[in-house]
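Residues per chain, in single letters:
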Amino acid sequence: MASGQGSIWELDQKLDENIDAEAGRVRGMEACKELTAVTVLRLAFQSLGVVYGDLGTSPLYVFKSTFPQGIDDTEDILGSLSLIIYTLTMIPLIKYVFFVMRANDNGEGGTFALYSLICRHAKVNTIPNQHRTDKQLTTYSQSEIQGTSVAAKVKRWLEGKRYRHNALLILVVLGTCMVIGDGILTPAISGIAVVAVMLVTTILMTLIMLIVWRSNILLVAIFTLTFLFVEMVYFSAVLFKVGQGGWVPLVIAGVFLIVMCVWHYGTVKKYKFEMQCKVPMAWILGLGPSLGLVRVPGIGLVYTDLPRGVPPIFSHFVTHLPAIHSIVVFVCVKYLPVTTVTPEERFYVKRIGPKNLNMFRCAVRYGYTDLHKREDDFENLLIKSLTQYVHQESLIHSISYSSDEDEETGEPFNAESTNVSQCKVLSETELCGLSSASITSDVSLETFPVSRSEVRFSIPSEASTVDSTISDLQYLINCRDAGIVHIFGNTIVRARRDSNFIKRVAVNHIYAFLRRICRENSVIFNVPHESLLNVGQVFYV
């Protein structure tokens, strides 16, 4: 047993070295990419128009609003002009040029970029769907924090209570809503929105200077107190404009704030319910290779929000239709606090349980600037990633095993996984999927006994490895040719009967309305209608 574990460890180390080496080459290529002088001049010329259109015209509106009753003393003109010059020097030049622009997230700026930097260095995500492999992404830059430093203390304080996570998220959403309100209005009636965004930026920059940059505490205090004082003075001044049209951006921002908060609240409740009702892998392993079901030819892609465990949609589906495809892939689409995820690192595939179960998990990762394009063949890219994983598993990790994954931590006991960097292009085939259907009923889940499976190791010969590789790939291709079915959960979220009035309105009406008008995942990923299978569920939260 010890020698088997040693062999496993050596093979894992070799694979990790290959992956790290590849990731290092990618990072090196990006680091070597430098901008030419012509490109810099072109970008500077383009930014000149933005600066002139914003900063150049703002003093005109300021002068008009500074002297609404006329000018009594010509010295007041010089005083107001001095305030304008000092403001342009302190806020755009010192604050934004020397501080905020340094806090860019791989070239991206704004409220989302600042929030993503904080999320990568502190566990403040309200939806804990991240995995340890996400930190290996090329765009996922993170530095270690020493346990006794000021940054570590601030990090622990921020992570300590959930209401602090929610308060930080509401602050970010508020700043975003203010930007939206400012963008659809003229500068004459958005003085309030701009100053509010400046305050939000100062608070986020304070956290970044403490946690990410780990700056000197004296410098952080000077930055925070100085700009909070200046911006609070301006904010108190523009509050006098609320009755003169300044209420318009506040109303617009308030509407967007309610919409975003209700959407996030419903999403979090739905995610927590699925986490509580997920099916233990031990129960799946206890069913045997056939899972106690009829295994029909084809590949079933079961979409879920859970990064680990078997989603309740699977048990709900097989309870009403006791048949499942020969190959089952749990597809988890999640968005990470990074700007973008390279196409080579987007799909992360690993096997679940013993090999004879033919069950996989595929995490599809996106950044907050990534767009879903209709020309992207999502289905073919996913199948290519699965094919590449099976190929590498058979050649590099030629080990037969029977294992499970820890449902609490998500760490595999002995499950191989890989990022797909280069994939062989598959030939076009006719898809013979199931017809679109819908099964709707309430969720009724039982508690399943948990037992851990035994792990066995064996190293096959070279000849058997080649035969196994061909056999596994051929089996995958045959299942693909038999048909691919996309199984989505058509979930209806309802508030419990004992919920208060506000919760019932937010969940049963506002969140339900937002769900109806939003695009479904089947449309986002361009899933053919003939390959779509919807499984209806009702969640009471």
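Residues numbered from 1 in each chain as written. Predicted model: local features only at pLDDT ≥ 70, side-chain atom pairs only at ≥ 80, totals over all residues. Heavy atoms only, no water.

Draft legend 1. The arrangement of the overall build of the protein in detail. Along the protein, the regular secondary structure elements total 16 helices and eight strands. Looking at the 541 residues of the protein, the share that counts as buried comes to 44%. Considering only intrachain contacts with a sequence separation of at least 6, the fraction spanning at least 24 residues in the protein is 82%. In the structure as shown, the protein presents an accessible area of about 28900 Å², 62% of it carried by carbon and sulfur atoms. (Helix = DSSP H or I, 4+ residues; strand = E, 2+ residues; numbered from the N terminus. Buried < 20%, exposed > 50% of the residue type's maximum accessible area, 1.4 Å probe, protein only. Contact = heavy atoms within 4.5 Å. Areas by Shrake-Rupley, 256 points an atom, 1.4 Å probe, with all protein chains shown as cover.)

Draft legend 2. View of unusual backbone geometry. The residue R214 is not glycine, and still its phi comes out positive at about 55°. With respect to the helices, strands and loops of the structure, R214 is situated in the loop between α8 (191–212) and α9 (217–238). Classification of R214 by relative accessible area gives partly exposed; the value is 35%. Of note, N526 is a non-glycine position whose phi angle comes to about 55°, a positive value.

Draft legend 3. How the structure looks around a nonpolar patch on the surface. On the surface, a nonpolar cluster with roughly 510 Å² of combined accessible area is contributed by L78, L81, L83, I85 and Y86. Take L81: it is sitting in helix α4 (residues 75–98). Classification of L81 by relative accessible area gives partly exposed; the value is 36%. (Patch = residues over 30% accessible without salt bridge, like charges linked within 9 Å, V, L, I, M, F, W, Y side chains within 5 Å. Salt bridge = Lys/Arg side-chain N within 4 Å of Asp/Glu carboxyl O.)

Draft legend 4. Region of interest: α9. The terminal C-alpha atoms of α9, which comprises 22 residues, lie 31 Å apart, in line with the 32 Å expected from a rise of 1.5 Å per residue. Contacts from the buried residues of α9 go to α4 and α8. For α9, the side-chain oxygen to backbone nitrogen distance between the N-cap and L218 is 2.8 Å, and the N-cap itself is N216. (Expected span 1.5 Å × (residues − 1). Polar contact = N/O pair within 3.5 Å; in protein donor to acceptor, adjacent residues only side chain to side chain.)

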